[in-house]
Amino acid sequence: MGAGHSAGGLLRIQGFQQTDDFARSPGYEVRSESAPVVTKSSLHPQPLISRNYKGDVAMSEIDHFMPLLMQREEEGALAPLLSHGRVHFLWIKHSNLYLVATTLKNANASLVFSFLYKTVEVFCEYFKELEEESIRDNFVIVYELLDELMDFGFPQTTDSKILQEYITQQSNKLETGKSRVPPTVTNAVSWRSEGLKYKKNEVFIDVIESVNLLVNANGSVLLSEIVGTIKLKVFLSGMPELRLGLNDRVLFELTGRSKNKSVELEDVKFHQCVRLSRFDNDRTISFIPPDGDFELMSYRLSTQVKPLIWIESVIEKFSHSRVEIMVKAKGQFKKQSVANGVEISIPVPSDADSPRFKTSVGSAKYVPEKNIVIWSIKSFPGGKEYLMRAHFGLPSVDKEEVEGRPPIGVRFEIPYFTVSGIQVRYMKIIEKSGYQALPWVRYITQSGDYQLRTS
């Protein structure tokens, strides 16, 4: 993240627990907390850890946050930004913790929330699980991280790979004479270390597209979109420059190429390593990559997608005796492609029992705690059609409340295929030593929020 905007004054992390004892350590205060309290009436969480970056917000202001949050929740008017007097609380919730940033100014809310989520990401990289216990076990490291993540209200180094070069899990063990700020912090390229060497120079590119789909009971598509990401795994020596070429429609228009096999990308977001000015000028994706895994870019396409796996269902409920379900699944993608790990979740009444199944392929399993049947198909070739029948018993007495009908959900993954038609046209790797590097590309289409309503 850049350091051009102030994200406010005070960052606090709060737990759900009730105060039980109070401990003081040199330089900061720690409030230790006991087991979680479930009822709201006895919920009195205290600040677990805090960092006042500017000193313009009183430390006592956080005491107004939880009562305000609970009041808004009861009123049904809960919002991610709460205000008390002149102080604004911008908060997110993760596991059993609240992360709260406070400010007196009309701050850039998007930047503040980006910083809070980035803070969670960094803590998860360090502690695997971010919860009250991991904060309490690592107070020293947490304070060091908070000092590096932000300075006087301005985000600084938020890349966990760079932070791990000089804030280690053993950082509470002081080693005199060995303090050294890594050059990446002062480099123009702060996300990559110098002097990296690999025997085999390779780049692995994953183009992953998730299909979000909502179909009504009449078979009409209500929502259809593709959310794509391009992820890289980089094993390159030195400080290489990479140039990635896609079949981008705007680029094809600029260069006078045919638009037939091009894709119009929307809502494109890039990793900080990409030279945005270069992309704006001639749509070239040029960058010096971080080492290892990272997400280069994401994009979205609001386009009418033909449902890749089409579901037809007939659910017949015979009062006081049984319910019979017939589900037909058809692969509406290319015959040479195969969908792997297909799972079709079919809702059943909560009072159903004695399940019996018959499938033309795969296996069916009743999951009573979720009131669904999961039909699993390991391999589903394009153009094929399969059938599943289920029979359930029903109690002789009707339930008083009328149940709604949840949609059928579908999960799948189709390798070597993108539904949008996006293609990596080239990947150029330029490094001053002139070594040869191999780029590898893999395409995957998978289900996102993929639902079909039943009648």
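## Details of the confidence of the model for the protein
Move 1: Mean pLDDT over the protein: 81, with 82% of residues reaching 70 or higher.
Move 2: Contacts of residues 13-43 to residues separated by more than four positions or lying in other chains number 80 contacts, the stretch itself having pLDDT below 50.
Move 3: Across residues 171-182, confidence stays below pLDDT 50; counting only partners more than four residues off in sequence or on other chains, it has six contacts.

## Remarks on the packing of helix α2 (residues 109-127) against helix α4 (residues 139-149)
Between two packed helices, both the angle of their axes relative to each other and the distance between the axes serve to describe the pair.
Move 1: Closest axis-to-axis distance for the α2/α4 pair is 11 Å, and the angle between their directions is 140 degrees. Classed by the angle they form, the pair α2 and α4 counts as oblique. The crossing of α2 and α4 is right-handed. Contacts between α2 and α4 involve Phe-115, Thr-119, Val-122, Phe-123, Tyr-126 and Phe-127 from the first element and Ile-141, Val-142, Leu-145, Leu-146 and Leu-149 from the second.
Move 2: Considering only residue class, the contact of α2 with α4 consists of ten nonpolar, one polar and no charged.

## Here's the deal with the sheet that holds strand β17 (residues 322-331)
Move 1: Ordered in space as β16-β17-β22-β19, the four strands form an open sheet in which the pairing is antiparallel. The two strands at the open ends of the sheet, each matched to only one other strand, are β16 (309-318) and β19 (353-359). Sheet twist, expressed as the average angle between the axes of neighbouring strands with direction ignored, equals 15 degrees.
Move 2: Two elements, β16 and β17, share ten bridges in a ladder whose sense is antiparallel. The residue bridging Lys-317 from the neighbouring strand is Val-323, located in β17.

## Digging into the sheet that holds strand β12 (residues 241-246)
Move 1: Judged by pairing direction, the sheet is antiparallel, and its three strands sit side by side in the order β14-β12-β24 without closing on themselves. The open sheet terminates on both sides in strands that have one partner only, identified here as β14 (285-287) and β24 (424-430). Each strand axis lies, on average, 15 degrees off the axis of its neighbour in the sheet, ignoring direction.

## Quick notes on the environment of Glu-131
Move 1: Residue position: Glu-131 is located in the loop between α2 and α3 (132-136).
Move 2: Judged by its relative accessible area of 30%, Glu-131 is partly exposed.
Move 3: Expressed as a C-alpha distance, the spacing of Glu-131 and Ser-95, which sit 36 residues apart in the sequence, is 6.1 Å.

## What about the environment of His-391?
Move 1: Structurally, His-391 can be placed in strand β22 (residues 385-393).
Move 2: Assessed through its relative accessible area of 19%, His-391 is described here as buried.
Move 3: Put simply, His-391 and Met-326 are 65 residues apart on the chain and 9.0 Å apart in space, counted from C-alpha to C-alpha.
Move 4: The contacts of His-391, once residues within four sequence positions are left out, are Arg-322, Val-323, Glu-324, Ser-354, Pro-355 and Arg-356.

## A look at the nonpolar core
Move 1: With 70 residues, the main nonpolar core has Ile-230, Leu-232, Leu-244, Ile-285, Phe-287, Leu-296 and Ile-344 as its most contacted residues.
Move 2: Beyond its immediate chain neighbours, meaning those up to four positions away, Leu-244 contacts Ile-205, Ile-230, Ile-285, Phe-287, Leu-296, Val-424, Tyr-426 and Met-427.
Move 3: Counting 29 residues, the second-largest nonpolar core is a separate cluster that includes Leu-48, Val-142, Leu-149 and Met-150.

## Some words on unusual backbone geometry
Trans peptide bonds make up most of the peptide bonds, and negative phi angles are found at most residues other than glycine.
Move 1: Positive phi, close to 60 degrees, is recorded for Arg-283, a residue that is not glycine.
Move 2: Along the chain, Arg-283 falls in the loop between α8 (276-282) and β14.
Move 3: In this structure, Ser-354 is a non-glycine residue whose phi angle is positive, near 50 degrees.
Move 4: Mapped onto the secondary structure, Ser-354 falls in strand β19.

## Looking at the pairing of strand β11 (residues 221-235)
Move 1: Note that strand β10 (residues 202-215) and β11 share 14 bridges and pair antiparallel. Bridge pairing in β11 links Val-207 to Ile-230.
Move 2: Count of turn residues in the β10/β11 antiparallel hairpin: five residues, of which Gly-219 carries a positive phi of about 90 degrees.
Move 3: In this sheet, strand β15 (residues 292-301) lies alongside β11 in antiparallel orientation, the contact comprising nine bridges. Residue pairing for β15: Gly-228 is matched across the bridge by Tyr-299.

## Let's talk about helix α1 (residues 65-75)
Note: α-helices contain 3.6 residues per turn, so residues at a spacing of three or four share the same orientation.
Move 1: Of all the residues in α1, the buried ones are Phe-65, Met-66, Leu-68, Leu-69 and Met-70.
Move 2: Just downstream of α1 lies Gly-76, where phi reads positive at about 75 degrees.

## Examining the environment of Pro-439
Move 1: Residue position: Pro-439 is located in strand β25 (residues 438-452).
Move 2: Owing to a relative accessible area of 36%, Pro-439 belongs among the partly exposed residues under this scheme.
Move 3: When the C-alpha positions of Pro-439 and Lys-428 are compared, they lie 8.6 Å apart, and in sequence the two are eleven residues distant.
Move 4: Discounting chain neighbours no more than four positions away, the residues touching Pro-439 are Val-203 and Met-427.

Thresholds applied
Residues numbered from 1 in each chain as written. Predicted model: local features only at pLDDT ≥ 70, side-chain atom pairs only at ≥ 80, totals over all residues. Heavy atoms only, no water. pLDDT = per-residue confidence, 0-100. Contact = heavy atoms within 4.5 Å. Axes fitted to C-alpha atoms, helices over the stretch in contact; angles between N-to-C directions. Helix = DSSP H or I, 4+ residues; strand = E, 2+ residues; numbered from the N terminus. Parallel < 35°, antiparallel > 145°, perpendicular 65-115°, else oblique. Left-handed = near helix turned anticlockwise from the far one by under 90°. Nonpolar A, V, L, I, M, F, W, Y, C, P; charged D, E, K, R; others polar. Pairing = 2+ DSSP bridges. Buried < 20%, exposed > 50% of the residue type's maximum accessible area, 1.4 Å probe, protein only. Core = buried A, V, L, I, M, F, W, Y, C linked by side-chain atoms within 4.5 Å.

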